[in-house]
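Residues per chain are reported as follows:
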Amino acid sequence: MLPQKTFLTMDCALYSSDFDVTSDISIRRLMEITQGAATTHADRLGIGWDRMDENGLFWVLSKVKIVFHKPITRKESGFKLYTWPVAANRLYLERRFEGVDGQGELLFSSSTLWMIVERDSRKIASRETVAQYYNFDFDTAECGCDNNFDRVRKDESYSLSYERQIRRTDLDLNKHVNNTNYVNYALDVLSQTERIAEAEIVYHKELKCGDVVKIYSKRENNAVYVVGERDGETSFTVKFTLAN
């Protein structure tokens, strides 16, 4: 069911550079598109970066889940994207996405969980503060992707896949690793032929230039679990469900 109120829709063109070695859309590129739409919609709703910054607040992306209902290959020249925020529920603020093709068939769904954080204290904003800014006529439309995330924790069943030093090109304007880069670090544990049916990304601690992140992974049936650690602390976790 597509949203009917407080939503944004946009037509997204796809180009050859948007696809990866499997000829499927790059997950990183899909995240860039959806987060760009989220930024545009937040600006239109009056809760974008500038207004939040003026009031000593900022948005933090905590979790991303993507479900592919059918492969998005180079045969697709683009898709129509719908995005809408969901009423606040305890800690996280959810934003949902649906991508449909030219025939109206569902290509993918995504659920993203965000927090509003106080800039100076780095603490999560109070419910009262959140309600002051995050107060709309919210749509209740479901998307084809739930907001439940597997608990991924490294144990003795994980093995070290590789290490990577964070460099200049990993960083964004906030001078830490852009959230879309983490999924690429996880994808590098896969073979060139493995394709993704679902992806779950959870962010724990930021990475900065010069940091060395160790990438650990394990496999269970058609799932691949990835943990990125810096100095023994978890920076991010990923679960990939592989396509058959």
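Structure's up top.
The structure contained in this document is the topic of the report that follows. Not measured: the values here are computed from a predicted model.

### Re the overall build of the protein
Each helix and strand in the protein was counted, giving four helices and ten strands. Along the protein, helices (α) and strands (β) appear in the sequence β-α-α-β-β-β-β-α-β-α-β-β-β-β when read from the amino end. In summary, the protein has a C-alpha radius of gyration of 18 Å against a globular reference of 18 Å for 244 residues, a match within 12%. Its C-alpha atoms give the protein principal-axis dimensions of roughly 50 × 45 × 30 Å. Here the protein has roughly 12,900 Å² of accessible surface; of this, 44% comes from carbon and sulfur atoms. The positive charge centre, built from 33 side chains, and the negative charge centre, built from 37, are 2 Å apart in the protein.

### Focus: the packing of helix α1 (residues 27–45) against helix α4 (residues 179–187)
Orientation of α1 relative to α4, taken along the N-to-C sense of each, is 165°, at an axis distance of 9 Å. Accordingly, the angle class assigned to the pair α1 and α4 is roughly antiparallel. As α1 packs across α4, the resulting crossing turns out to be right-handed. The residues of α4 that touch α1, namely those facing I27, R28, M31, E32 and Q35, are N179, T180, N181, V183, N184 and L187. Of the residues belonging to the contact of α1 with α4, the class tally is four nonpolar, five polar and two charged.

### Here we look at the nonpolar core
Of all hydrophobic cores here, the largest spans 44 residues; its most connected members are I27, F79, F236 and F240. In terms of residue count, the dominant contributor to this core is α1 (six residues). With residues up to four places along the chain from it excluded, the contact list for F79 reads M10, D11, C12, L14, I25, L30, I33, G99, V100, L107 and F108. By size, the runner-up hydrophobic cluster in this structure holds eleven residues, among which are M52, A125, Y133 and F138.

### Examining the pattern of salt bridges
Summed over all chains, the structure comprises 21 salt bridges. When the shortest N-O distance is used, the salt bridge between E194 and R219 registers 2.7 Å. Placement of the pair is E194 in the loop between α4 and β7 (196–203) and R219 in strand β8 (residues 212–220), with a sequence separation of 25 residues. A relative accessible area of 47% means that R219 is categorised as partly exposed. For E206, the salt bridge identified is with K208, shortest N-O distance 3.4 Å. Several salt bridges share partner residues, and in doing so they unite D18, R28, R29 and E32 into one network.

What counts, and where the lines are drawn
Residues numbered from 1 in each chain as written. Predicted model: local features only at pLDDT ≥ 70, side-chain atom pairs only at ≥ 80, totals over all residues. Heavy atoms only, no water. Helix = DSSP H or I, 4+ residues; strand = E, 2+ residues; numbered from the N terminus. Rg over C-alpha atoms; globule rule 2.2 N^0.38 Å. Areas by Shrake-Rupley, 256 points an atom, 1.4 Å probe, with all protein chains shown as cover. Lys, Arg positive; Asp, Glu negative; His and termini not counted. Charge placed at Lys NZ, Arg CZ, Asp CG, Glu CD. Axes fitted to C-alpha atoms, helices over the stretch in contact; angles between N-to-C directions. Parallel < 35°, antiparallel > 145°, perpendicular 65-115°, else oblique. Left-handed = near helix turned anticlockwise from the far one by under 90°. Contact = heavy atoms within 4.5 Å. Nonpolar A, V, L, I, M, F, W, Y, C, P; charged D, E, K, R; others polar. Core = buried A, V, L, I, M, F, W, Y, C linked by side-chain atoms within 4.5 Å. Buried < 20%, exposed > 50% of the residue type's maximum accessible area, 1.4 Å probe, protein only. Salt bridge = Lys/Arg side-chain N within 4 Å of Asp/Glu carboxyl O.

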